[in-house]
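Listed below, chain by chain, are the residues.
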Amino acid sequence: MRKTSLALKVDRRPLAWLCAGLVVAAVVALAGCSTPGTAPNAKRERGFDPRQLIKTDINRVAETHQQHIFASLRRLADKLYKRNPREWRKTGAPSAEAAISRIFDEQHRWRFESLGNRRDLDALHVALHPEFRGDRVQALIVGLGSMVQSAFGDREVFYLLDDLEPQHLYNAARNVEIAAWKLATARDGQGQLLLLSNELGESSNLSFEREFGRIVGLLDVLSDVVEEETERTVTRVVQNLTTAVFLPVY
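Fair warning: this is a prediction, and the values are worked out from it, not measured in the lab. (Residues numbered from 1 in each chain as written. Predicted model: local features only at pLDDT ≥ 70, side-chain atom pairs only at ≥ 80, totals over all residues. Heavy atoms only, no water.)

1. Section: the overall build of the chain
What the chain contains, in helices and strands, is 8 helices and 0 strands. Element order for the chain, N to C, with α for helix and β for strand: α-α-α-α-α-α-α-α. Residues classed as buried in the chain amount to 41% of the 250 residues present. Long-range pairs, those at least 24 residues apart, make up 73% of the contacts in the chain between residues at least 6 apart in sequence. A total accessible area of about 14100 Å² is found for the chain, and carbon and sulfur atoms account for 54% of it. (Helix = DSSP H or I, 4+ residues; strand = E, 2+ residues; numbered from the N terminus. Buried < 20%, exposed > 50% of the residue type's maximum accessible area, 1.4 Å probe, protein only. Contact = heavy atoms within 4.5 Å. Areas by Shrake-Rupley, 256 points an atom, 1.4 Å probe, with all protein chains shown as cover.)

Written as structure tokens, this is what we have:
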């Protein structure tokens, strides 16, 4: 009986290694199928998906946070186009909805000819430059979206071997704070706001601020989770928003 039991144990080892190898191969294959630098799918798959077997809890948390962040960015784009309808007309889009769809639904890897193929912080600088004559809403949202994606390692989905850097997520949160402040204060040569957003007065509108706050909160929470899980230390900074500079996210 002992010999039989020992033989069974020996026979299981190659099978275990084979299963592990298949999992690794599946991860590599699935990672190769993703398109980096585009917005994540807004709809989560329902029911059982075999790919869930090669995801960690952190992978699932990251995907959920990422989807909520991009839902907020989409709402921000919609709100900005409603308050600044002249912007979506600059790119020849037939409607604000079409301009938003181009940002979030097309496979462009965040490279737009109208922005000189700039993305990340470069696109944010363009959006907030007084002499820029293009679609500022597109430039701002493309800058924010691609900057967030850079902090996520330019991935739309996450698997077992994927890694997140908590410092990049933390820096992205600070960059969103800086962008929100600049959006509310940046003016052209005539003293006019570059883009209308929050509105104070008898009928205050702070919905923009709430969306920005939601994005910052999601990034900060995810940064804390990844920091604790990976035992990496995040360097936290305190900046004066009037003189703040954007932080690197990759």
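Additional details are given in the paragraphs that follow.
2. Notes on the pattern of salt bridges
Under the defined criterion, the tally for this structure stands at 16 salt bridges. For Asp57, the salt bridge goes to Arg60, with nearest N and O atoms at 3.4 Å. Placement of the pair is Asp57 and Arg60 together in helix H2 (residues 57-83), with a separation of 3 residues, close to one helical turn. Since its relative accessible area comes to 59%, Asp57 is described here as exposed. Salt-bridge contacts for Asp154 lead to Arg119; the nearest nitrogen and oxygen are separated by 3.1 Å. (Salt bridge = Lys/Arg side-chain N within 4 Å of Asp/Glu carboxyl O.)

3. Describing the packing of helix H5 (residues 120-127) against helix H6 (residues 136-151)
Packing of H5 against H6 leaves a shortest axis separation of 7 Å and a crossing angle of 160°. In this view, H5 runs roughly antiparallel relative to H6, as classed from their interaxial angle. Where H5 crosses over H6, the handedness of that crossing is left-handed. Taken together, the residues of H6 that come into contact with H5 (itself represented by Asp120, Leu121, Ala123, Leu124, Val126 and Ala127) are Arg136, Ala139, Leu140, Gly143, Leu144, Ser146, Met147 and Ser150. Partitioning the contact of H5 with H6 into residue classes produces 9 nonpolar, 3 polar and 2 charged. (Axes fitted to C-alpha atoms, helices over the stretch in contact; angles between N-to-C directions. Parallel < 35°, antiparallel > 145°, perpendicular 65-115°, else oblique. Left-handed = near helix turned anticlockwise from the far one by under 90°. Nonpolar A, V, L, I, M, F, W, Y, C, P; charged D, E, K, R; others polar.)

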